[in-house]
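# Coordinates in review
Okay, here's what each chain looks like letter by letter:
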Amino acid sequence: MGAFLSIFLFLPMFLLLLLFLLLFLLFFLLLSSSYASSYSSSYSSSYSSSYSSSYSSSYSSSYSSSYSSSCSSSSSSSSSSCSSSCSSLFLPVPPPVPPPVPPPPVPVPLHVPIPLPLPSVPLSDSAPPPFKWGFVGVCIRVPTWFIGVNGTKDDWLEGWKLGKPQISSNIPKRNSKTTPLVSTTIAAQIIDANIKLTLYWTTIAHEIMRERSVIPIVAATLATLLLSLPMTAQSFSPSHQHRPRVPANRPHQLQHTPQRHPPLSSTSLSLKSTSPPPYPVRVTVLGGGNFGLALASVVAKKGVPTTLLVRSPDVASHINENHRHPTKMSDIALPRLVRATANKKEALNDATYIIHAVPVQYTRAFLETVKDEIPPNVPVLSASKGIETSSLGFMADILKECLGEDRSYAFLSGPSFAREICEGVATAVVIASEDLMLADDLAELMSGDDFCVFTSRDVIGVEVGGAVKNVIAIAAGMCEGLGLGTNAMSGLVTRGCGEMRRLGIYLGARPSTISGLSGVGDTFGTCFGPLSRNRRFGYRLGKGETAEEIKASMGGSEVAEGVDTSIALVKMIKEKCKGYRLDLKYPILFGMSDIIEGKMKPMEGMQNIMNFPVRMENYDERF
Ligand SMILES: NC(=O)C1=CN([C@@H]2O[C@H](COP(=O)(O)OP(=O)(O)OC[C@H]3O[C@@H](n4cnc5c(N)ncnc54)[C@H](O)[C@@H]3O)[C@@H](O)[C@H]2O)C=CC1
Ligand SMILES: O=C(CO)COP(=O)(O)O
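Residues numbered from 1 in each chain as written. Chains lettered and ligands numbered in written order. Predicted model: local features only at pLDDT ≥ 70, side-chain atom pairs only at ≥ 80, totals over all residues. Heavy atoms only, no water.

So the rule is basically this: UniProt positions are given in the numbering used here, feature names are shortened, and annotations may be inferred rather than shown by experiment.
By the naming in an unreviewed UniProt entry, the protein chain goes by Glycerol-3-phosphate dehydrogenase [NAD(+)] and is assigned to Cyclotella cryptica. UniProt lists a comment for the protein chain under the heading Subcellular location (unreviewed entry), and it reads "Glycosome". In the Sequence similarities (unreviewed entry) part of its UniProt record, the protein chain is described as follows: "Belongs to the NAD-dependent glycerol-3-phosphate dehydrogenase family."

Okay, here's the thing in structure tokens:
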């Protein structure tokens, strides 16, 4: 891969420099001819003027010297006349009365400026250096660059800094993270830097040109060309790409040796194991439900020691002894790097990241019991989706209220059923955070062959999508339970996504986030997939069970977040959104809330929902 990249990016670089060389030589040739013409024209003009002005007084000397020059620079068409005239040089002294020569009609400028086709890169604040300083500049920069070429990338950057500080200051610090993508960025910068340096030296050479010496120009250009080769190739070498990442200067990244548990057994999950991150990490997952287990597996499969905080010591011992949960997805073995405990202090004291996977409605009470054990500055990644009924807040609001505003938070969402993740089925999610570096770190931490993580800064967009899609999933399940067809369900889900977008945009989300993984993407998975608990809840509603009956049958062991979120959503819309008849703006969300609360029968409610008034499909968009 490194070699491929070397060739792939090195070749255009080489060609580019070659082009520069050719252009340079061309420029030199042009310049030479321009010197020649400027020389001849200025000479002839001086001849003409001197001729016309001093003819009468010093005709003979001026005539003889100027005439020979004029002859040598005259065109070939006039060569015969010239040769005949030249023979007159050997004639005796000219007659006393000179022949009348008319002065030139238009005066030719005495000075023809040297053309400057090259971009000007200032050498210093002062005027361009004379020949000797330009050459010395080249001599200094060659070895400093060369030192970098033979060292590591950081050495190179140092070398580069010495040679050309104004460019190196543009290279961001996080380039020390050498993922392939970043390596490409570095390569692009190196190529860019090479081009700039070539131009820089070309400018020096231009200054040298004023001294009319070609050797330093060719030397500078050749040096640029030759030195570019090893450096460009080295920047793509595998040793650079796999160089351990220097931990960012982040307080949560504790400097200790990562604990290595025994290798994974053959009965482990089918997720392919990938190399662990090259910096020390310990992850603690809060919540021993389905999703807590799945995310603990994802992280442990990356070789990171992961602690699962569960409420029951019995469940913890069962997990540690059998490497599987006693009741949740008990057919699936967990990676051995997953250790469970019911001891909060033990679970949290050395965590570098915390993943929160406790259902939304239990979150506040749960966090109150553990917040004193959570070290300061340790970031929290929330995987829960919904709105709290008591505060009408999203997870971001609850976490900040419980664990403080000073901490960094991130939010994971997208179509990601716990069982499929554990079975190693390809999954794509998004992690949103206002701290994009945290989102990036977490994406790097969790990404694997079967678990793809995108990042985003749109926290509210991701949260709105995660909360609203569960309500739409209940509606979709109910549609099916009522025996309505695919047309009805597709129409309902699409209109539901429209309400999600309207609300999201109102609350500050980006439309692209709503149409992304955490919005429309998760809605697809939850509404049409067989694994959704929310969809199952809706199906049972459609079949005639009441919400209370279904909830009771699920017990406290499993949650369908959309049920409580539906009630909270309508309250929140009424509280936060301005406008008359909000129920017409959000008919599905309002209708589902009424059905779940028992204010309307499912069939009646569905008829109301589906009886869309005649209007433009996207009536709230301005054209
Ligand atoms: N299961 C899934 O496939 C996915 C779940 N999620 C989200 O993850 C969150 C957690 O869901 P699951 O893990 O599926 O939960 P679950 O339905 O598997 O189990 C609920 C779990 O909540 C915990 N719990 C119950 N009462 C509690 C209390 N009073 N205090 C603390 N913990 C309590 C228990 O550990 C229980 O096992 C939810 O917000 C859900 O929307 C997100 C994506 C996928
Ligand atoms: O959020 C989920 C999948 O992305 C899980 O949905 P359910 O809670 O409906 O099972």
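Now that the structure has been shown, we can carry on.
### Brief notes about the environment of P415
Counted only if it meets this: Secondary structure elements are taken from DSSP: a helix is a run of H or I of four residues or more, a strand is a run of E of two residues or more, and numbering for both begins at the N terminus. Any two residues whose heavy atoms approach within 4.5 Å are treated as being in contact.
Following the sequence through the fold, P415 ends up in the loop between β6 (409-413) and α14 (418-422). Between the alpha carbons of P415 and F524 there is a distance of 7.8 Å; along the sequence they are 109 residues apart. If sequence neighbours within four positions are ignored, P415 has contacts with T427, A428, L517, G521 and D522.

### A word on the pattern of salt bridges
Rules: Salt bridge, as used here, is a side-chain nitrogen of Lys or Arg placed within 4 Å of a carboxyl oxygen of Asp or Glu. Only protein chains enter the area calculation, which uses a 1.4 Å probe; residues under 20% of their type maximum are buried, those over 50% are exposed, and those in between are partly exposed.
Counted according to the given criterion, the structure contains 14 salt bridges. One salt bridge in this structure joins E401 and R364, with 2.9 Å as the shortest N-O distance. Placement of the pair is E401 in helix α13 (residues 395-403) and R364 in helix α12 (residues 360-370), with a sequence separation of 37 residues. Accessibility expressed as a relative area gives 54% for E401, which makes it exposed. Judged by its relative accessible area of 23%, R364 falls in the partly exposed class. Here E423 makes a salt bridge to R419, at a shortest N to O gap of 3.4 Å. Using a relative accessible area of 38% as the deciding quantity, one classes E423 as partly exposed. On the basis of relative accessible area, R419 is assigned to the partly exposed category, the value being 26%. Linked by salt bridges that have partners in common, D331, R419 and E423 make up one network.

### Brief notes about the site of ligand 1
To be explicit about the condition: Working definition: residue near molecule or strand if any one of its non-hydrogen atoms lies within 4 Å of it. Any N or O atom pair separated by 3.5 Å or less is treated as a polar contact, with the protein-specific requirement of one donor-capable and one acceptor-capable atom, and with residues adjacent in sequence counted only for side-chain atom pairs. Exposure was quantified through the Shrake-Rupley algorithm and a 1.4 Å probe, taking into account, for residues, occlusion by the shown protein chains and nothing else. As a working rule, the residues Ala, Val, Leu, Ile, Met, Phe, Trp, Tyr, Cys and Pro are called nonpolar, Asp, Glu, Lys and Arg charged, and the rest polar, with Gly in that last group.
Within the structure, ligand 1 sits among 24 residues, and N290, F291, K328, R533 and E561 are positioned closest to it. A distance of 3.2 Å is found between an oxygen atom of ligand 1 and a backbone nitrogen or oxygen belonging to K385. Note that an oxygen atom of ligand 1 is positioned 3.0 Å from one of the backbone N or O atoms of V559. Here ligand 1 has 810 Å² of accessible area as a free molecule, and 88% of this is covered by the chains. Those elements that provide at least two residues to the shell around ligand 1 are α9 (290-300) and α12. Per-class residue counts for the shell around ligand 1 are 10 nonpolar, eight polar and six charged.

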